[in-house]
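Per-entry structural report
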Amino acid sequence: MIHSLTDYVRFNNGTEIPGLGLGVFQIPDEDTAEVVKKGIINGYRLIDTAQIYGNEVGTGIGIKEGLAATGLSREELFITSKVWNNHLTYDETINAFEETLERLALDYLDLYLIHWPGKNAYKEAWKALEDLYAAGKIKAIGVSNFEIHHLEDLLSFAKVVPVVNQVELHPKLTQQALRDFCEEHEIKVQAWSPLMQGKILTEPVVKETAEKHQKTPAQIVLRWDIQQDILLVVKSVHEQRMQSNADIFDFELAPAEMARLSNLNEALRSGPDPDVFDF
Ligand code: NDP
């Protein structure tokens, strides 16, 4: 279990990722630099963006400004982006990666993900990621929104096992079977929309637990993740929330409280279902 915002977790290829990161989904490009900069100043080391978010330019500016403000080096940050995988050919995936790098104004990525499996649209894209990884342009490669059957298929031809599967995960969608499969194959699970985009925060069980611990509902849900060794990316544009979302290392949920939160599971998604979402 991680014990601070700058605690890292080891991937199956030996590289390490901060356990808790800042996501920038749905932030307009022109506002993203300020958010990313504030995140870095407030101790976040992992920034999660994607080609489709349209804010890689702002993310890149924020990284530069965050490094200048803190005196950190690029190597002390962990930058993730994702290829929007609408049946990309090998060459198109390589181009998408090069464009992402250019927009971010970086010379390597720490992690590059296939954003969605589509209708088995990932075979050529994965080969491209493997080659970019072999060339040292990405420190680790992974997938997002892959169900067990997608992973089984990917593992049947992959030369490199993905380090991570980034999926929607919160107490209403605990993804236990997928987590078990990933653990068996040394693939880390990283939660997106860990707060269910805010919707989980009004849940009575979450609120009651928060009152008991004198913590916020968001802190309770994020603590529930880290006590299960689930990697996290959480988004806020507000500095005070960035700080409180990272202030989750000074209390512990009891086993009964963990179980009560897990029992909220209804396999309920706030985002698309990977098995029907095709683009
Ligand atoms: P989150 O579950 O992180 O929730 C974000 C929402 O909750 C925002 O509206 C934010 O508002 C609000 N919020 C944040 N902190 C608090 C708090 N302490 N109290 C009350 N409200 C709060 O949703 P996201 O969908 O953004 O997921 C996180 C990240 O995961 C994304 O930013 C992205 O990087 C990644 N992601 C990946 C996907 C994928 O397909 N791979 C899909 C979706 C997300 P405000 O900003 O105003 O504070």
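Below is a summary of the structure that appears in this document. Just so it is clear, the model here is predicted, and its values are computed rather than measured.

Let us look at the packing of helix H2 (residues 56-70) against helix H3 (residues 90-104). Contact geometry for H2 and H3: axes closest at 7 Å, N-to-C directions at 45°. As far as their axial angle goes, H3 and H2 are oblique. On H3, the residues touching Glu56, Val57, Thr59 and Gly60 of H2 are Thr100, Arg103 and Leu104. Per-class residue counts for the contact of H2 with H3 are 2 nonpolar, 3 polar and 2 charged.

This structure, assessed with the given rule, holds 7 aromatic pairs. Measuring from ring centre to ring centre gives 4.8 Å for phenylalanine 25 and tyrosine 53, while their planes differ by 35°; the resulting arrangement is tilted. Here tyrosine 53 lies in the loop between strand E4 (46-48) and H2 and phenylalanine 25 lies in the loop between strand E3 (20-23) and helix H1 (29-41), a separation of 28 residues in the sequence. Owing to a relative accessible area of 37%, phenylalanine 25 belongs among the partly exposed residues under this scheme. Take tyrosine 53: its relative accessible area is 17%, and that puts it in the buried class. An angle of 70° between the planes, with centres 5.0 Å apart, marks the rings of phenylalanine 97 and tyrosine 112 as edge-to-face. Note that phenylalanine 97 is positioned in helix H3 and tyrosine 112 in strand E6 (residues 109-114), a separation of 15 residues in sequence. Judged on exposure class, the residue phenylalanine 97 and its partner tyrosine 112 are both buried. Of the aromatic side chains, those joined through ring pairs into one cluster are Trp84, Trp116, Trp192 and Phe277. Over the aromatic face of phenylalanine 157 sits the side chain of lysine 123, whose NZ or CZ is 4.7 Å from the ring centroid. Here the basic side chain of arginine 223 rests over the ring of phenylalanine 251, its NZ or CZ set 5.6 Å away from the ring centre.

Next up on the list: the nonpolar core. Formed by 87 residues in total, the largest nonpolar core has its most connected members in Leu20, Leu109 and Ile114. With 6 residues, helix H8 (residues 217-226) is the single largest residue contributor to this core. For leucine 20, the residues in contact, after removing those within four places along its chain, are Ile2, Leu5, Tyr44, Leu46, Leu232, Val234, Asn245, Ala246, Ile248 and Phe249.

Read around the closed barrel, the 8 strands follow the order E3-E4-E5-E6-E7-E8-E9-E10; overall the barrel is parallel. Geometrically, the sheet is characterised by an average inter-axis angle of 30° between neighbouring strands, direction not taken into account. Contacts from H3 reach strand E5 (78-83), E6 and strand E7 (138-144) within the one sheet, and its direction differs from that of E6 by about 135°. With respect to the sheet, helix H4 (residues 123-134) is in contact with E5, E6 and E7, its orientation differing from that of E7 by roughly 160°.

Per the stated rule, a full pass over the model turns up 13 salt bridges. Of the charged contacts, one joins arginine 269 and glutamate 147 as a salt bridge, the two residues approaching to 3.6 Å between their closest N and O atoms. Taken together, the residues arginine 269 in the segment after helix H10 (255-262) and glutamate 147 in the loop between E7 and helix H5 (148-157) connect sequence positions 122 residues apart. Given a relative accessible area of 25%, arginine 269 falls into the partly exposed group. According to the relative accessible area criterion, glutamate 147 is buried, its value standing at 16%. Taking the shortest distance from any N to any O, the salt bridge between glutamate 208 and arginine 260 comes out at 2.9 Å. With glutamate 208 in helix H7 (residues 204-213) and arginine 260 in helix H10, this pair connects stretches of sequence that are 52 residues apart. Residue arginine 260 is classed as partly exposed on the basis of its relative accessible area of 42%.

The subject of this paragraph is the packing of H7 against H8. Relative to each other, H7 and H8 sit at 100°, their axes nearing to 8 Å. With respect to each other, H7 and H8 are oriented roughly perpendicular. In contact with Val206, Lys207, Thr209, Ala210 and His213 of H7, H8 contributes Pro217, Ile220 and Val221. Residue classes in the contact of H7 with H8 are distributed as 5 nonpolar, 2 polar and 1 charged.

Procedures and definitions
Residues numbered from 1 in each chain as written. Predicted model: local features only at pLDDT ≥ 70, side-chain atom pairs only at ≥ 80, totals over all residues. Heavy atoms only, no water. Axes fitted to C-alpha atoms, helices over the stretch in contact; angles between N-to-C directions. Helix = DSSP H or I, 4+ residues; strand = E, 2+ residues; numbered from the N terminus. Parallel < 35°, antiparallel > 145°, perpendicular 65-115°, else oblique. Contact = heavy atoms within 4.5 Å. Nonpolar A, V, L, I, M, F, W, Y, C, P; charged D, E, K, R; others polar. Phe/Tyr/Trp six-rings, centres within 6.5 Å; stacked < 30°, edge-to-face > 60°. Buried < 20%, exposed > 50% of the residue type's maximum accessible area, 1.4 Å probe, protein only. Lys NZ or Arg CZ within 6 Å of the ring centre and 35° of its normal. Core = buried A, V, L, I, M, F, W, Y, C linked by side-chain atoms within 4.5 Å. Pairing = 2+ DSSP bridges. Salt bridge = Lys/Arg side-chain N within 4 Å of Asp/Glu carboxyl O.

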